[in-house]
Amino acid sequence: GGTSLAYAKANAQRPERVKRLAAQMYDVLKYMHWLGFIHADFKPENVMIDRNGDALAIDFGFAIKSPHYRYYRGTPSTMAPELVKAVDGAILE
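All of the points below concern the structure found in this document. (Residues numbered from 1 in each chain as written. Predicted model: local features only at pLDDT ≥ 70, side-chain atom pairs only at ≥ 80, totals over all residues. Heavy atoms only, no water.)

## Re the packing of aromatic side chains
Okay, step 1: Applying the stated criterion across every chain yields a total of 1 aromatic pair.
Okay, step 2: Residues Tyr31 and Trp34 carry aromatic rings whose centres are separated by 5.9 Å and whose planes lie at 20° to one another, so their mutual orientation is stacked. Here the residue Tyr31 and the residue Trp34 both occupy positions in helix H2 (residues 15-35), the gap between them amounting to 3 residues, near one helical turn.
Okay, step 3: Seen from the ring of Phe37, Lys65 lies directly overhead, with NZ or CZ sitting 4.9 Å from the centre. (Phe/Tyr/Trp six-rings, centres within 6.5 Å; stacked < 30°, edge-to-face > 60°. Helix = DSSP H or I, 4+ residues; strand = E, 2+ residues; numbered from the N terminus. Lys NZ or Arg CZ within 6 Å of the ring centre and 35° of its normal.)

## Things to note about a nonpolar patch on the surface
Okay, step 1: A cluster of nonpolar side chains, contributed by Tyr31, Trp34, Leu35 and Phe37, occupies part of the molecular surface with about 480 Å² of accessible area.
Okay, step 2: In terms of residue count, H2 provides more of the nonpolar patch than any other element does, 3 residues in total.
Okay, step 3: On the basis of relative accessibility, which here comes to 67%, the residue Trp34 falls in the exposed class. (Patch = residues over 30% accessible without salt bridge, like charges linked within 9 Å, V, L, I, M, F, W, Y side chains within 5 Å. Areas by Shrake-Rupley, 256 points an atom, 1.4 Å probe, with all protein chains shown as cover. Salt bridge = Lys/Arg side-chain N within 4 Å of Asp/Glu carboxyl O. Buried < 20%, exposed > 50% of the residue type's maximum accessible area, 1.4 Å probe, protein only.)

## Quick notes on the nonpolar core
Okay, step 1: Residues Tyr7, Leu21, Met25, Phe42, Val47, Ile49, Ala55 and Ala57 constitute the largest nonpolar core, which totals 8 residues.
Okay, step 2: Only H2, strand E2 (47-49) and strand E3 (55-57) provide two or more residues apiece to this core.
Okay, step 3: Apart from residues no more than four positions distant in its own chain, Met25 is found in contact with Ser4, Phe42, Val47 and Ala55. (Core = buried A, V, L, I, M, F, W, Y, C linked by side-chain atoms within 4.5 Å. Contact = heavy atoms within 4.5 Å.)

## Focus on H2
Okay, step 1: Counted at 1.5 Å a residue, the expected span for H2 with its 21 residues is 30 Å, and the 30 Å between its end C-alpha atoms agrees.
Okay, step 2: Of the residues making up H2, those classed as buried are Leu21, Gln24, Met25 and Met32. Angularly, the buried residues of H2 cover 95° about the axis, an arc narrow enough to put them on a single face. The exposed residues of H2 that point more than 90 degrees off its buried face are Lys19, Tyr26 and Trp34.
Okay, step 3: The elements touched by buried residues of H2 are helix H1 (4-10), strand E1 (37-38), E2 and E3. (Expected span 1.5 Å × (residues − 1). Arc of directions from axis to C-beta.)

## Overview of the pattern of salt bridges
Okay, step 1: Applying the stated criterion across every chain yields a total of 2 salt bridges.
Okay, step 2: Taking the shortest distance from any N to any O, the salt bridge between Asp54 and Arg20 comes out at 2.4 Å. Of this pair, Asp54 sits in the loop between E2 and E3 while Arg20 sits in helix H2, placing them 34 residues apart in sequence.
Okay, step 3: You can call Asp54 partly exposed: its relative accessible area is 22%.
Okay, step 4: Taking the shortest distance from any N to any O, the salt bridge between Lys43 and Asp41 comes out at 3.9 Å. One exposure class covers both Lys43 and Asp41, and it is buried.

Below, the structure is given as structure tokens:
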């Protein structure tokens, strides 16, 4: 189905589909944080859309256990807000 960005552009005239996509992306991050992980490279290119129009997060290469993380991890222009500041503690590799 392509990336979430391509899906959003293709469905720009159908706001209910874009809202559904945004809600699913939010749910993915909320669930990951509930599990105690941070994706750390969450961007439109790392959210794919399946045949049913459902969002699927991919590329967990930078995912780390919270709260042990360092900043400047992931794609700089789309860095996760929670990674802007350094946090004291061990860093998991």
